[in-house]
Amino acid sequence: MSEIFLYLVLGIGTGAVYAAIALGLVLGFRGSGVVNYAAGAMAMYPAMVYVTLRQKGDLVLPWVVFPNRFSLGDEVAAAPAFVLSIVVAAFIGLVSHLAIFHPLRNRPAVTKVIAAVGLTQVLQMLAVIQFGMEVIRPDSILGDNLIHVFGGAVPADRLWLAVLVMMMAGGLTITYRYARFGLATRAAAESEKGALLLGLSPGALAAMNWMLAAVVAAIAGILITPIAGVNPFNYTFYVVPALAAALAGQLRSFPITALAGIALGMFEGLAVHLKVIGAVPRLLDSGFDSALPFLVIVVMLVVTGNTLPRRGALMEAAQPYAPRAPRPWTIAAIAAVAMFAMLTAESGLRLALIQSLVISGLMLAMVVIAGLIGQVSLAEFAFAGTAAFLLARFGVQVGWPFPFAPLAAIAVTTSIGVLVGFPAVRIRGVQLAVVTLAFAVAIEQLLFRNNDFVGPFGVAHAPPLVIFGIDFGVSGANYPRKAFGAFVVVVVMLCVVLVRNLRASATGRRFLAVRANERAAASAGIDVVRTKLLGAGLAAFLSSVTGVLLGYLYVDYSAVGFESVRGLAILTLAYVGGIASVGGALLAGLLTPSGVFAEVTSRGSNVASYYQQLFTGVALIVVAVKLPGGLAQGFASWPRRARGVAARIRRGMTTPPPPSTGGLEIESLEVEHR
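Residues numbered from 1 in each chain as written. Predicted model: local features only at pLDDT ≥ 70, side-chain atom pairs only at ≥ 80, totals over all residues. Heavy atoms only, no water.

A. Broad picture of the overall build of the protein chain. When helices and strands are tallied, the protein chain shows 28 helices and eight strands. Looking at the 674 residues of the protein chain, the share that counts as buried comes to 55%. If you take every contact in the protein chain between residues at least 6 apart in sequence, the share linking residues at least 24 apart comes to 78%. Accessible area of the protein chain: about 28,900 Å², with a carbon and sulfur share of 66%. (Helix = DSSP H or I, 4+ residues; strand = E, 2+ residues; numbered from the N terminus. Buried < 20%, exposed > 50% of the residue type's maximum accessible area, 1.4 Å probe, protein only. Contact = heavy atoms within 4.5 Å. Areas by Shrake-Rupley, 256 points an atom, 1.4 Å probe, with all protein chains shown as cover.)

B. Structural detail: the nonpolar core. If you look at the biggest cluster of nonpolar residues, it comprises 206 residues, and the most contacted ones within it are Tyr37, Met44, Tyr45 and Val165. The dominant element in this core, judged by the number of residues it contributes, is helix α14 (residues 347-372), at 15 residues. With residues up to four places along the chain from it excluded, the contact list for Tyr45 reads Val60, Leu61, Pro62, Val88, Ile92, Leu123, Leu126, Ala127, Gln130 and Phe131. (Core = buried A, V, L, I, M, F, W, Y, C linked by side-chain atoms within 4.5 Å.)

C. Quick peek at a negative patch on the surface. A contiguous patch of negative charge on the surface is contributed by Asp74, Glu75, Asp139 and Asp144. Along the chain, the position of Asp144 falls in the loop between α5 (109-131) and β3 (146-149). (Patch = residues over 30% accessible without salt bridge, like charges linked within 9 Å, V, L, I, M, F, W, Y side chains within 5 Å. Salt bridge = Lys/Arg side-chain N within 4 Å of Asp/Glu carboxyl O. Lys, Arg positive; Asp, Glu negative; His and termini not counted. Charge placed at Lys NZ, Arg CZ, Asp CG, Glu CD.)

D. How the structure looks around the packing of aromatic side chains. All chains considered together, the criterion is met by 21 aromatic pairs. Here Trp63 and Phe91 contribute two aromatic rings whose centre-to-centre distance is 6.1 Å and whose plane-to-plane angle is 80 degrees, an arrangement assigned as edge-to-face. Remark: Phe91 occurs in helix α4 (residues 78-101) and Trp63 occurs in the loop between β1 (58-60) and β2 (69-71); sequence separation between them is 28 residues. Under the relative-accessibility criterion, Trp63 is labelled partly exposed at 30%. Taken together, Phe381, Phe389, Phe448, Phe453, Tyr554, Tyr557 and Phe562 form an aromatic cluster joined through their ring pairs. (Phe/Tyr/Trp six-rings, centres within 6.5 Å; stacked < 30°, edge-to-face > 60°.)

E. Local environment of helix α15 (residues 380-398). Taking 1.5 Å of rise per residue, 19 residues should cover 27 Å, and α15 covers 25 Å from first to last C-alpha, within 8% of that figure. Counting buried residues along α15, 15 of its 19 residues qualify, which places the element largely inside the surrounding structure. (Expected span 1.5 Å × (residues − 1).)

F. Spotlight on helix α20 (residues 506-516). Every buried residue of α20 is accounted for by Thr507, Gly508, Phe511, Leu512, Val514 and Arg515. Each buried residue of α20 sits inside an arc of 160 degrees when the element is viewed along its axis, so together they form one side. Packed against the buried residues of α20 are α14, α19 (482-504), α21 (518-523) and α22 (528-554). (Arc of directions from axis to C-beta.)

G. Looking closely at the packing of α14 against helix α23 (residues 566-577). Packing of α14 against α23 brings their axes to within 9 Å, and their N-to-C directions diverge by 80 degrees. Of the possible angle classes, the one that applies to α14 and α23 is roughly perpendicular. For the pair formed by α14 and α23, the contact residues are Ile359, Leu362, Met363 and Met366 on the first element and Ile570, Leu571, Leu573 and Ala574 on the second. (Axes fitted to C-alpha atoms, helices over the stretch in contact; angles between N-to-C directions. Parallel < 35°, antiparallel > 145°, perpendicular 65-115°, else oblique.)

H. Spatial organisation of unusual backbone geometry. Along the chain, Phe402 connects to Pro403 via a cis peptide bond; the corresponding omega equals 5 degrees. Examined against the element boundaries, Pro403 turns out to sit in the loop between α15 and α16 (404-420). With an omega of -10 degrees, the peptide bond running from Tyr479 to Pro480 counts as cis. Here Pro480 shows up in the loop between β7 (470-471) and α19. The backbone of Gln250 shows a phi angle near 55 degrees, a positive value even though the residue is not glycine.

I. Local environment of the packing of helix α6 (residues 156-178) against helix α11 (residues 254-276). Two elements in contact, α6 and α11, have axes separated by 8 Å at closest approach and are oriented at 160 degrees. Relative to α11, the element α6 is oriented roughly antiparallel. Judged by the sense of rotation from one axis to the other, the crossing of α6 with α11 is right-handed. Taken together, the residues of α11 that come into contact with α6 (itself represented by Ala162, Val165, Met166, Ala169, Leu172, Thr173 and Tyr176) are Phe254, Pro255, Ala258, Leu259 and Ile262. (Left-handed = near helix turned anticlockwise from the far one by under 90°.)

What follows is the structure, encoded as structure tokens:
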């Protein structure tokens with residue numbers, strides 16, 4: 001029994017980090033109504049600034065092009081380094097609000113999620129360019145002595161971190177319950193109109209809350225670096241358990257949020273002990289500790305439903321632009337061009353085109369679930385990975401030939417997608433995004449990293465792609481083989497036709513009606529539950545088709561290619577291209593980091609790739625703020641704008657100019673008329 005308590009205490013430090021980031025999430029939501037998926041990155045960057053100050057004496061600022069690194073000596077002491085890092089964090093929070101989230105305050109949930117993902121990518125790529133990829137770790141700030149409890153030794157800094165987090169939770173509770181700033185923030189959250197009538201500025205309050213949230217996250221990030229180390233990507237994974245803790249507090253209560261975060265960390269510490277003693281089934285061994293945040297999130301959101309707090313905005317949010325379905329001849333022309341390019345391009349460009357087309361299939365799933373029905377799902381890439389690993393399992397381990405192995409993988413994955421879609425019956429928007437992200441993390445840890453499911457050494461092997469005795473596999477002379485490229489073109493174009501016909505059908509119109517207003521759709525006789533589940537099933541079907549293609553493309557693959565965080569990147573690409581249009585899905589496929597655009601521009605340069613991803617993150621934020629319909633909407637509007645300009649030019653050339661009269665002439669004519 002003492003061992004159980006020991007491992008529970010060992011998990012307090014990790015739980016304190018979850019709790020601190022969760023407090024920042026609650027702050028951001030109460031101040032501006034945004035669930036900040038970039039909280040992990042906003043904790044990461046100041047932490048790396050702090051470590052660089054301590055080890056090299058360089059102050060690094062979050063921008064490029066302009067000078068961003070200033071030497072302050074060999075090493076900077078802990079206290080001034082901490083203060084400078086907190087100032088950088090506050091600056092990031094302020095700029096994030098002013099440049100990104102304040103302009104998006106009246107936009108739908110998917111747009112805010114996209115902007116947060118774009119901010120995450122920008123901060124990560126800035127960190128990669130400025131600090132590198134390696135894990136860096138400073139000396140402990142809270143002391144490195146040990147405390148002996150329950151027959152073991154526990155580092156004291158973990159416990160001090162938990163005490164500090166609980167003190168912050170208590171201070172925030174007092175501030176928001178009794179202080180003028182907290183009361184004003186609560187008033188603005190309830191009704192921005194009422195706050196304005198009282199002489200309060202919702203924008204200024206939101207900016208201060210964003211700065212405070214960034215500072216809280218940065219404190220956690222800095223204090224945890226001696227324990228876990230920091231690189232540009234590892235803090236991103238803290239967001240999911242932090243979201244679970246924030247939702248346990250219903251995005252309102254700071255003490256409950258902090259306690260829930262610490263409890264999650266303690267469970268992870270206990271999970272380590274349970275796995276060591278063999279108390280966990282082998283199927284759950286790889287992701288036992290990751291399943292609890294997912295279960296907490298699902299239970300909290302399904303039980304509470306729409307009772308979570310909502311911000312009283314001044315205006316109603318407008319959904320992304322959903323254009324009409326493209327004409328059949330347009331799709332036929334695209335298919336012809338793709339097939340011609342596939343059969344004539346050199347091998348490098350052909351591989352990039354294959355990857356662009358495959359990712360376009362995944363973008364089509366996002367068009368269905370997010371663009372047409374308005375559900376923010378971050379699990380589509382997890383569905384693709386599930387189908388890829390099931391393909392290997394059915395095709396190699398079971399021995400089923402084509403088409404039975406891929407069809408079985410698609411059928412099972414689609415069924416899982418429908419089951420995951422059941423929470424969407426009661427929730428939507430940001431809440432559903434939280435559930436699907438947690439599911440993606442859980443499925444990655446439970447299945448994709450489980451050798452019993454994937455295969456020996458965690459590597460899956462796709463079966464041969466042989467159709468009617470003809471080898472259509474990707475491997476062989478002149479890799480990737482043109483036969484496989486032609487197969488990909490046919491499959492993806494069939495998916496395009498499916499989504500195009502869906503958009504033009506009565507079912508597509510029902511999807512858009514549910515997206516616009518669920519109550520109005522129900523009053524018009526639309527079965528909202530069935531419509532949502534149908535959308536989830538169709539999106540999972542398209543994702544599983546993409547997963548099968550990825551399996552045949554990769555041949556040998558592991559969990560490394562199907563990380564859950566890539567689901568965020570998929571959503572961002574879909575939004576940049578145009579999340580509610582078929583053309584946007586194809587355009588997003590071209591822009592994928594391994595696609596045609598990257599092949600033409602970078603030609604494999606890592607430095608160019610990092611700057612390209614940085615540019616993609618910035619472009620994503622710009623598109624979210626200025627062009628919510630994506631690049632496809634912008635391209636579609638160019639002909640109309642060109643025709644308008646041409647018409648104005650023609651009118652200007654054919655209309656005679658008015659007679660030139662002076663002011664005295666006009667005045668005299670008016671007098672005579674009178």
